[in-house]
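One letter stands for each residue in the lines below.
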Amino acid sequence: MKNSTQVLYFTLAAFTDIKLLKYFLFLVILCFYLLIMCSNLLLISVICMNRSLHEPMYVLLCSLFVNELYGSTALFPFLLLQILSDVHTVSASFCFLQIFCLYTYVCIEFYNLAIMSYDRLQTDATESRQYLHASPGLFA
């Protein structure tokens, strides 16, 4: 005989006492989600359409905006669904999928920021070397 427990769903206890605030919270979070989506899509389109912004730092910023779309889409729709729902349960498999999506969002965000900082370091080092070569008698 095997001693084990299978978890098929989780109950979200934080949403039980928001009866009157349910629709107000839904509207506030929906507005916040739409603001995030519209602003990121606008910034992505501006960077893609403007040829003068096709430089490494702006491409990396565009990557951050795309990743923000991914992270927001992983979190907000389910949160909105749970606010309006009368039964606040989620299946274990969907919960693990959402954890995976949020974890990859955070990892990609850190990698993008690390690449941006390395790009900035290379730019500063190149500028300082050009300055030293342009004025050789200054530091002699």
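Everything numeric in this text was worked out from a predicted model, so none of it was measured. (Residues numbered from 1 in each chain as written. Predicted model: local features only at pLDDT ≥ 70, side-chain atom pairs only at ≥ 80, totals over all residues. Heavy atoms only, no water.)

(A) Main features of the packing of helix α1 (residues 22-49) against helix α2 (residues 56-84). Running from N to C, α1 and α2 cross one another at 160°; their axes reach a closest spacing of 9 Å. With respect to their mutual orientation, α1 and α2 come out roughly antiparallel. Taken as a pair, α1 and α2 cross one another with a handedness that is left-handed. Broken down by class, the residue content of the contact of α1 with α2 amounts to 26 nonpolar, 3 polar and 2 charged. (Axes fitted to C-alpha atoms, helices over the stretch in contact; angles between N-to-C directions. Helix = DSSP H or I, 4+ residues; strand = E, 2+ residues; numbered from the N terminus. Parallel < 35°, antiparallel > 145°, perpendicular 65-115°, else oblique. Left-handed = near helix turned anticlockwise from the far one by under 90°. Nonpolar A, V, L, I, M, F, W, Y, C, P; charged D, E, K, R; others polar.)

(B) Focus on the environment of L81. Here L81 shows up in helix α2. A relative accessible area of 52% means that L81 is categorised as exposed. Linking L81 and F26, residues 55 residues apart in sequence, is a C-alpha distance of 8.8 Å. (Buried < 20%, exposed > 50% of the residue type's maximum accessible area, 1.4 Å probe, protein only.)

(C) Structural context of the pattern of salt bridges. Within this structure, the stated rule accounts for 1 salt bridge. A salt bridge links K22 to D86; the nearest nitrogen and oxygen atoms lie 3.4 Å apart. In this pair, K22 sits in helix α1 while D86 sits in the loop between α2 and β2 (89-91), placing the two residues 64 residues apart along the sequence. For K22, a relative accessible area of 13% translates into the label buried. (Salt bridge = Lys/Arg side-chain N within 4 Å of Asp/Glu carboxyl O.)

(D) Structural context of the side chain of N112. Assignment of secondary structure puts N112 in helix α3 (residues 92-134). Here S63 takes part through its side chain, which lies 3.1 Å from a polar atom of the side chain of N112. Each residue touching N112, except ones within four places of it in the same chain, is listed here: S63, L64 and N67. (Polar contact = N/O pair within 3.5 Å; in protein donor to acceptor, adjacent residues only side chain to side chain. Contact = heavy atoms within 4.5 Å.)

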